[in-house]
Each structure stands twice: as structure tokens, then as C-alpha cells.
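The chain contents come next:
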Amino acid sequence: MNTELLDRYIAAWNERDADKRRAAVDALWAPEGTYTDPLAEVRGREAIDATIAAVQAQFPDFAFRPGALFDAHHDIARFTWELGPVGGEAVVIGFDVAVLDPNGQIQHVHGFLDKIPTT
């Protein structure tokens, strides 16, 4: 995974147009790709798209942005991300590990939440 793929990943989480978001998910994830974090465990593009839509509904005025960390080797990448108001302090901070399939699509994302709202 390179930073261009990370940029596309973050863009998919920020895409509010349902058709464009689904196209981004289809381009990024393998058909049976998975996304797992403390709040979600889903498999398949449709479920991943629905998870992103649910996060957007929960945080309608927020946007994702890359965090300070990005490191990759072979078919594995780890990176941090932030979620908060545009130009404002992050309300949620996470750490993800992505594993690519042989076609360069995301096979698995293992997510961790380092900071979450307390209310």
C-alpha cells in the first residue's frame, strides 16, 4: 500500500454521494474484503459501504484525514487517521492495519480506536 492508496481510502470514508462512495469501495476493496474495529465487523463491499454510511450519519459534519503515521511493506500498511470538524480538533483518532490481496485491493482492515468521544 502506498500513500496514494491511503488517500483513496480516506476519500472513500469522506464521500457523501452514495453512488460515488460505493464506486470507491468497489475499486479499493476485494469482493470479500473485511473491515474490523471495536465497533464493527463486516465482510463484503456492500457491508463496508453500509458501515461507512453509518459513520457518516453518526458524524455528519466531520471529515476523515490522514494522521501522522504511515508505514508499509510488502502487502501490509499501518496508518493513523483522525475524524473531526474540518480545520478543527480530532474527536476520534484511530490506527488501522490494511492487508492487500495479490491484485492490490484491500483484503482486510484491522482498526483500533485510540481516542473516542466520551459522551
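This text follows the structure it describes.
Student: What should I look at first to understand the overall build of the protein chain in this one?
Tutor: On a plain count of helices and strands, the protein chain comes out with three helices and six strands. In the protein chain, the succession of helices and strands from N to C terminus is α-α-β-β-α-β-β-β-β. The C-alpha atoms of the protein chain give 13 Å as radius of gyration, which agrees with the globular expectation for 119 residues (14 Å, within 12%). Taking all 119 residues of the protein chain together, 38% fall into the buried category. A sequence separation of at least 24 residues applies to 43% of the contacts in the protein chain between residues at least 6 apart. Carbon together with sulfur atoms contributes 55% to the accessible area of the protein chain, which is approximately 6500 Å² in total. The protein chain carries 10 positive and 19 negative side-chain charges, and their two centres are separated by 2 Å.

Student: Looking at this structure, I do not really get the packing of helix 1 (residues 3-14) against helix 3 (residues 45-58). What am I missing?
Tutor: Closest axis-to-axis distance for the helix 1/helix 3 pair is 8 Å, and the angle between their directions is 60°. By the angle between their axes, helix 1 is oblique relative to helix 3. Facing helix 1, whose interface residues are Ala12, Trp13 and Asn14, helix 3 presents Thr51, Ile52, Val55 and Gln56.

Student: Explain helix 2 (residues 18-28) here, please?
Tutor: Listing the buried residues of helix 2 in full gives Arg21, Val25 and Leu28. For helix 2, the angular spread of buried residues about the axis comes to 70°, placing them on one side. Seen from the open side of helix 2, the exposed residues pointing more than 90 degrees away from its buried face are Asp19 and Lys20. If you follow the buried residues of helix 2, they end up packed against helix 1, strand 1 (29-37), helix 3 and strand 6 (106-115).

Student: Looking at this structure, how should I read the packing of aromatic side chains?
Tutor: Here a ring pair, both rings aromatic, is described through the centre-centre distance and the interplanar angle of the planes. Evaluated as defined, the whole model comprises eight aromatic pairs. Aromatic side chains tyrosine 9 and tryptophan 29 sit 5.6 Å apart centroid to centroid with 45° between the ring planes, which places their arrangement in the tilted category. Of this pair, tyrosine 9 sits in helix 1 while tryptophan 29 is found in strand 1, placing the two residues 20 residues apart along the sequence. Residue classification places tyrosine 9 among the buried residues on the basis of a relative accessible area of 2%.

Student: Before we go on, may I ask you to explain the side chain of threonine 80 in this structure?
Tutor: Here threonine 80 lies in strand 4 (residues 76-85). At 3.1 Å, the side chain of threonine 80 and the backbone nitrogen of alanine 68 are in polar contact. What threonine 80 contacts, discounting residues up to four positions off in sequence, is Pro66, Gly67, Ala68, Leu69, Gly94 and Phe95.

Student: Even after reading the chapter, I still don't get the environment of asparagine 103, so can you show me in this structure?
Tutor: Checked against the element boundaries, asparagine 103 lands in the loop between strand 5 (92-100) and strand 6. Put simply, asparagine 103 and alanine 30 are 73 residues apart on the chain and 8.4 Å apart in space, counted from C-alpha to C-alpha.

Student: Please clarify how helix 3 should be interpreted in this entry.
Tutor: Taking 1.5 Å per residue as the helical rise, helix 3 with its 14 residues ought to reach 20 Å, and the 20 Å between its terminal C-alpha atoms agrees with that figure. When helix 3 is considered as a whole, its buried residues turn out to be Arg45, Ile48, Asp49, Thr51, Ile52 and Gln56. The arc that holds the buried residues of helix 3, viewed along the axis, is 155°, so those residues lie on one side. Away from its buried face by more than 90 degrees, helix 3 exposes Glu46, Ala57 and Gln58. For helix 3, the secondary structure elements touched by its buried residues are helix 1, helix 2, strand 1 and strand 2 (40-43).

Calculation rules
- Residues numbered from 1 in each chain as written.
- Predicted model: local features only at pLDDT ≥ 70, side-chain atom pairs only at ≥ 80, totals over all residues.
- Heavy atoms only, no water.
- Helix = DSSP H or I, 4+ residues; strand = E, 2+ residues; numbered from the N terminus.
- Rg over C-alpha atoms; globule rule 2.2 N^0.38 Å.
- Buried < 20%, exposed > 50% of the residue type's maximum accessible area, 1.4 Å probe, protein only.
- Contact = heavy atoms within 4.5 Å.
- Areas by Shrake-Rupley, 256 points an atom, 1.4 Å probe, with all protein chains shown as cover.
- Lys, Arg positive; Asp, Glu negative; His and termini not counted.
- Charge placed at Lys NZ, Arg CZ, Asp CG, Glu CD.
- Axes fitted to C-alpha atoms, helices over the stretch in contact; angles between N-to-C directions.
- Parallel < 35°, antiparallel > 145°, perpendicular 65-115°, else oblique.
- Arc of directions from axis to C-beta.
- Phe/Tyr/Trp six-rings, centres within 6.5 Å; stacked < 30°, edge-to-face > 60°.
- Polar contact = N/O pair within 3.5 Å; in protein donor to acceptor, adjacent residues only side chain to side chain.
- Expected span 1.5 Å × (residues − 1).

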